[in-house]
Amino acid sequence: MTERPLIVAEGLRKVYPKGVEALRGVSFEAHPGELVAVRGRSGSGKTTLLNLVGGLDRPDEGRVEVDGRQITELPEAELLGLRREVIGFVFQTFGLIPVLSAAENVGVPLRLARVPAAEREERVRVLLSLVGLADHVNQRPYELSGGQQQRVAVARALANRPRLLIADEPTGQLDSQTARQIMELLRVLVRSEGVTVLVATHDPGLIGLADRVLELRDGVVTRVG
Ligand code: ADP
Ligand code: MG
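Just so we're clear, the structure is a prediction, and the values are computed from it rather than from any experiment.

Here is what the cut-offs are and how they apply
Residue numbers here run from 1 along each chain, matching the order of that chain's written sequence. Throughout, the order in which chains and ligands are written sets their labels, letters from A for the former and numbers from 1 for the latter. Local features are withheld for residues below a pLDDT of 70 in this predicted model, meaning they are given only at 70 or higher, and side-chain atom pairs are given and counted only at 80 or more; totals for whole chains, interfaces and linings count all residues. As a rule here, side-chain values cover all heavy atoms of the structure and leave hydrogens and water aside. Here the axes come from fitting lines to C-alpha atoms, over the contacting stretch only for helices, and the angles between their N-to-C directions go from 0 to 180 degrees. Where helices and strands are cited, they refer to DSSP runs of H or I of at least four residues and of E of at least two residues respectively, numbered from the N terminus. Any angle that falls under 35 degrees is termed roughly parallel, while one over 145 is termed roughly antiparallel, one within 65 to 115 roughly perpendicular, and all others oblique. Each crossing is labelled by how the near helix is turned from the far one, with a counterclockwise turn of less than a right angle marking it left-handed and a clockwise turn marking it right-handed. It only takes one pair of heavy atoms within 4.5 Å for two residues to be counted as in contact. In this classification, the charged set is Asp, Glu, Lys and Arg, the nonpolar set is Ala, Val, Leu, Ile, Met, Phe, Trp, Tyr, Cys and Pro, and all remaining amino acids, among them Gly, are polar. Nearness here has a simple test: a residue counts as near a molecule or strand if at least one of its heavy atoms is within 4 Å of that partner. Distance and chemistry together define a polar contact, namely a pair of N or O atoms within 3.5 Å, with one atom able to donate a hydrogen and the other to accept it when in protein, and with adjacent residues in sequence counting only for side-chain atoms on both sides. All accessible-area figures derive from a Shrake-Rupley calculation using a 1.4 Å probe, and residue coverage is judged against the displayed protein chains alone. Each domain's limits were defined by an automated method or a database of domain assignments. Buried area, as used here, totals the accessible surface that two parts lose on assembly, with accessibility defined by a 1.4 Å probe and the loss added over both. We define a salt bridge as a contact between a side-chain nitrogen of Lys or Arg and a carboxyl oxygen of Asp or Glu at a distance within 4 Å. Each residue is assigned to one of three classes by its accessible area relative to the maximum for its type, calculated with a 1.4 Å probe on protein chains only: buried under 20%, partly exposed between the two thresholds, exposed over 50%. Pairing between two strands is assigned when DSSP locates at least 2 bridges connecting them. Think of a nonpolar core as a cluster: buried Ala, Val, Leu, Ile, Met, Phe, Trp, Tyr and Cys residues, connected wherever their side-chain atoms sit within 4.5 Å.

Q: What is the right way to read the packing of helix H5 (residues 146-157) against helix H6 (residues 176-193) from this model?
A: Helix packing for two helices is described by the angle between their axes and how far apart those axes are. Interhelical geometry of H5 versus H6 gives an angle of 20 degrees and a closest axis separation of 10 Å. With respect to each other, H5 and H6 are oriented roughly parallel. Here H5 and H6 pass one another in a crossing that is right-handed. Contacts from Gly 147, Gln 150, Arg 151 and Val 154 of H5 reach H6 at Thr 178, Gln 181, Ile 182, Leu 185, Leu 186 and Leu 189. For the contact of H5 with H6, the per-class residue count stands at five nonpolar, four polar and one charged.

Q: Quick question: what am I supposed to make of the site of ligand 1 here?
A: Around ligand 1, the neighbouring residues are Tyr 16, Val 20, Ala 22, Arg 41, Ser 42, Gly 43, Ser 44, Gly 45, Lys 46, Thr 47 and Thr 48. At 2.8 Å, a side-chain N or O of Thr 47 approaches an oxygen atom of ligand 1. Side-chain polar atom of Thr 48 to an oxygen atom of ligand 1: 2.5 Å apart, as the coordinates give it. In the complex, 61% of the free accessible area of ligand 1, which totals 560 Å², lies under the protein chains. For the shell around ligand 1, the residue count by class is three nonpolar, six polar and two charged.

Q: Would you explain the packing of helix H3 (residues 102-112) against H5 in this entry?
A: Where H3 meets H5, the closest approach of the two axes is 8 Å, and the angle between their N-to-C directions is 30 degrees. For the element pair H3 / H5, the angle class is roughly parallel. Remark: the crossing between H3 and H5 carries right-handed chirality. In this structure, H3 uses Ala 102, Asn 105, Val 106 and Pro 109 to contact H5, whose residues at the interface are Val 152, Ala 155 and Arg 156. The class makeup of the residues in the contact of H3 with H5 is five nonpolar, one polar and one charged.

Q: Hey, could you run me through the domain arrangement of the protein in this one?
A: It is common to give the size of an interface as the accessible area that goes away when the parts come together. On domain assignment, one finds that the protein holds domain 1 (1-86 + 162-225) and domain 2 (96-161). For domain 1 versus domain 2, the distance between C-alpha centres works out to 23 Å. Contact with domain 1, which involves 16 residues of that partner, is made by 13 residues of domain 2. Here domain 1 meets domain 2 over a buried area of about 1200 Å², counting both sides, of which 69% is carbon and sulfur. Considering only the side of domain 1, the residues that lose the most area to domain 2 are Arg 84, Pro 162 and Leu 185, jointly responsible for 39% of the buried surface there. Applying the counting criterion to the domain 1 and domain 2 interface returns one salt bridge. Counting only elements with at least two residues in the side of domain 1 that touches domain 2, the list comes to helix H2 (76-85) and H6. Take the side of domain 1 that touches domain 2: its biggest share by element is eight residues, from H6. For the side of domain 1 that touches domain 2, the per-class residue count stands at nine nonpolar, three polar and four charged.

Q: Sorry if this is basic, but what is going on with the side chain of Lys 46 here?
A: Looking at the secondary structure, you find Lys 46 in helix H1 (residues 46-53). Residue contacts for Lys 46: discarding those within four places in its chain leaves Val 38, Arg 39, Gly 40, Arg 41, Glu 169, Ala 200, Thr 201, His 202 and Leu 216.

Q: I tried to follow the pairing of strand E3 (residues 35-39) on my own but got confused; where do I start?
A: Within a regular beta strand, the side chains point alternately toward one face of the sheet and then the other, so they alternate between its two faces. Of all five residues in E3, four are buried; the element is thus mostly enclosed. As judged from the four bridges shared by E3 and strand E8 (residues 196-200), these two strands associate in the parallel manner. Looking at E8, one finds that Leu 35 is bridged to Val 197. Judged from the four bridges that link them, E3 and strand E9 (residues 212-217) form a sheet pairing that is parallel. Along E9, the bridge assignment pairs Ala 37 with Val 213.

Q: Can you walk me through the nonpolar core in this structure?
A: Most often, soluble globular proteins have nonpolar side chains that are buried together. In terms of nonpolar packing, the biggest core is built from 40 residues, with Leu 128, Val 154, Leu 165, Leu 186, Val 197 and Val 199 touching the most fellow members. Mapped by element, the contributors of at least two residues to this core are E3, H3, helix H4 (117-130), H5, strand E7 (164-168), H6, E8 and helix H7 (204-207). Broken down by element, this core gets its largest block of residues, seven residues, from H6. Summarising the domain contributions, this core has at least three residues from each of domain 1 (1-86 + 162-225) and domain 2 (96-161). Leaving out residues up to four positions away in the same chain, Leu 128 has contacts with Ala 102, Ala 103, Val 106, Leu 133, Ala 134, Val 137 and Ala 155. Judged by nonpolar contacts, the second largest core, of 29 residues, contains Val 26, Val 36, Val 38 and Leu 82.

Below you can see the structure in the form of structure tokens.
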């Protein structure tokens, strides 16, 4: 039996204003429980690809299917719902809310999803333990190291049990040892939570942990490994 792919991207083309062709016909699939790395130099189109797959932007040509849904055709309101329920995002700059504690940051998506308080608190506790921050629940982002902040961001991205985690250079601001720990955390999460991870990185040292590597050059996939 072949399992249905979680991501199907076909013939993606993206042209930005002023005519920059960021993607020139990109196709790939990712299966449930896979960790897929997208590598390529700065400007090769990684962020553009992740944004199209995550429904943050729309392609000029081609289509994206996530978890059986044609996201390229969804109206904005449904896209918003899909982004909240099916996809979790992690960014290079962490994106935590400075005035909120680690626990409150992780709880934000659960509040938006109107999860009742008791259940929310339990889920937050489990998530922060999962990322190794059980002893830091009440600290604010500025009281945490960069690696710890990114762990909070990963926990937050997983709050609504997404099927897909999209991480755009999640280790770009971290030293190499901390970067490695975050990648290993993603690796563990793929197994324990059954989530599929699509991660952009240009760090060759981190590529080894991926199940598959998609190599982008000037908006074209040059290698699938
Ligand atoms: P990467 O993430 O691999 O560094 P990007 O997807 O950010 O690559 O960028 C791919 C190309 O598209 C680059 O040439 C970049 O300058 C261009 N680009 C990205 N975003 C925009 C934008 N909003 N407007 C115009 N050009 C853009
Ligand atoms: Mg980028």
